[in-house]
Amino acid sequence: MRRAVVIGATGQIGRVAVGALAGDGWEVTALSRGGGRDESWPGDVRVARADREDTAALAEVVGDGCDVLVDMVAYGPGHARQLTSLADRVGSAVVISSVSVYEDDKGRNFDTQGEPDGFPEYPLPITEDQGTVRPGDASYSTRKAGLERELLAAGAELPITLLRAGAIHGPHCMTPRELYFVKRNLDGRPRRVLPYRGESRFHPASVHTIAELIRLAAARPGTRALNAVDPDAPTVAEIARAIDTVMGVERENVLVDGPPPAPTVGDTPWTVPVPVVCDMSAAERELGYRPVVRYAETLPDTVAWIERQLAGRDWREAYPKMFRTYGDLFDYAAEDAFLDTLGA
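Residues numbered from 1 in each chain as written. Predicted model: local features only at pLDDT ≥ 70, side-chain atom pairs only at ≥ 80, totals over all residues. Heavy atoms only, no water.

## Brief notes about the pattern of salt bridges
Short version of the rule: Any carboxyl oxygen of Asp or Glu that lies within 4 Å of a side-chain nitrogen of Lys or Arg is treated as forming a salt bridge with it. Only protein chains enter the accessibility calculation, which uses a 1.4 Å probe; a residue whose area is less than 20% of its type maximum is buried, one above 50% is exposed, and one in between is partly exposed.
Tallied over the entire structure, the rule returns 18 salt bridges. Measuring nitrogen to oxygen at the nearest pair gives 3.0 Å for the salt bridge that ties Asp137 to Arg143. We classify Asp137 as exposed; its relative accessible area is 64%. Here Arg143 falls in the partly exposed class, since its relative accessible area comes to 22%.

Spelled out as structure tokens, the structure:
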């Protein structure tokens, strides 16, 4: 039987990926810091406990070897070297990266978006041939780029599939973008402000989409970087409406030309001045990938998860990483002040 080891197995993507591999006939060892087990996994999934940073513990879990090592949390050149140090015992690896590694032909990227005219304008849809940022320690994107460079260079000794994920969504997320609209609906907010006329598109990636790509890549070892996004890339206005439908409410979109009118007004987690939409042709060609789910189909589970996490708690307690990442997403006083100016 083919053996798979999954690092970060109890995280958002890992839970689904373990199930997908087990369902495809793999003998799976699910590795996490807590050594937990998801209730959806088959009973023959093995669980192991180890810290991602502990190379000796990771090597012990791999043991005499595995056919594929799946890494959900690799981040930076150090983790790349850790993985390649196991090349003599690992058949191939599948590693999660990010579309944030891309830069446009003028050298603009996600790290420059706060500068004047700094947001990248990619040829759409973005293919894997698009350039990437210079590796370094400055940001999430540059560290992911460093991870990629080290792993791709080691492809001769360890076949690596890098999956460049978009805006990941699904239950168990620590920074769910959908929270922006779910909480507003729960709070009874009748209107929400959407910059760029609600037309921003930041390509989402369901945990089910990524798990399917992991399943396919595990069975077809090779060295490559592939986009990992859903078949559809809805606008932020379409996302808002879809969440309304799931929650059984009707809300008004207040569309604004141009950027957010104030720092805490309308700056949704999908708000970008130009579209970020990726191409999936390479995954279709190299892995035989076919879409397994569309964005709106996944929303009921995502919304229900967020509602359970919020029940009886301040959103900053339920999602502290969300607050650290995005700041105050629910500055209703500033929002109302802006809406009052429209009424005047």
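That was the structure; now back to the text.
## Considerations on the packing of helix H5 (residues 179-186) against helix H9 (residues 295-310)
The condition is simple: Lines are fitted to the C-alpha atoms to define the axes, a helix being fitted only along its stretch in contact, and any angle between axes, read from their N-to-C directions, falls within 0 to 180 degrees. Put simply, DSSP marks the helices as runs of H or I at least four residues long and the strands as runs of E at least two long, and each gets a number from the N terminus on. Working rule for angles: under 35 degrees goes down as roughly parallel, over 145 as roughly antiparallel, 65 to 115 as roughly perpendicular, anything else as oblique. When the near helix sits turned anticlockwise from the far one by under a right angle, the crossing is termed left-handed; a clockwise turn instead gives a right-handed crossing. A contact between two residues is defined here by any heavy atoms of the two lying within 4.5 Å.
As a packed pair, H5 and H9 sit with axes 10 Å apart at the nearest point and diverge in direction by 60 degrees. As judged from the angle between their axes, H5 and H9 are oblique. Classified by chirality, the crossing of H9 by H5 is right-handed. Side by side, H5 and H9 meet where Leu179, Val182, Lys183 and Leu186 of the first sit next to Val303, Ile306, Glu307 and Leu310 of the second.

## Focus on H5
Judged by how many residues are buried, H5 sits mostly within the fold: seven of eight residues are covered. Those residues of H5 hidden inside the fold are in contact with strand E8 (191-194), helix H7 (236-247), H9, helix H10 (315-318), helix H11 (320-326) and helix H12 (332-343). Just past H5, the residue Gly188 takes up positive phi, approximately 75 degrees.

## Considerations on H12
What counts, and what does not: Expected helix span is taken as 1.5 Å per residue step, with the number of steps being one fewer than the number of residues.
Compared with an ideal rise of 1.5 Å per residue, which puts twelve residues at 16 Å, H12 spans 16 Å between its outermost C-alpha atoms and is within 8% of the ideal. For H12, the elements touching its buried residues are H5, E8 and strand E11 (252-255).

## Quick look at the packing of H7 against H9
Where H7 contacts H9, the two axes come as close as 9 Å, and the packing angle between them is 65 degrees. Crossing hand, H7 versus H9: right-handed. The segment H7 lies against H9, with Ile239, Ala242, Ile243, Val246 and Met247 engaging Tyr295, Leu299, Pro300, Val303 and Glu307.

## Here's the deal with the sheet that holds strand E10 (residues 224-228)
Note the cut-off: When DSSP finds two or more bridges between a pair of strands, those strands are recorded as paired.
In space, the seven strands of this open sheet follow the order E3-E2-E1-E4-E5-E6-E10, with parallel pairing throughout. Two strands in the sheet have a free side with no partner beyond their single neighbour: strand E3 (46-49) and E10. Taken over all neighbouring pairs, the strand axes of this sheet differ in orientation by 20 degrees on average, direction set aside. Summarising the sheet, strand E1 (residues 3-7) and strand E2 (residues 27-32) pair through five bridges and their orientation is parallel. Each residue of the ladder has a partner; that of Arg3, found in E2, is Glu27.

## Observations concerning the environment of Gly188
Position of Gly188 relative to the elements: it lies in the loop between H5 and E8. The exposure class of Gly188 is partly exposed, given its relative accessible area of 41%. Considering only alpha carbons, one finds Gly188 and Ala333, 145 residues apart in sequence, at a separation of 14 Å.

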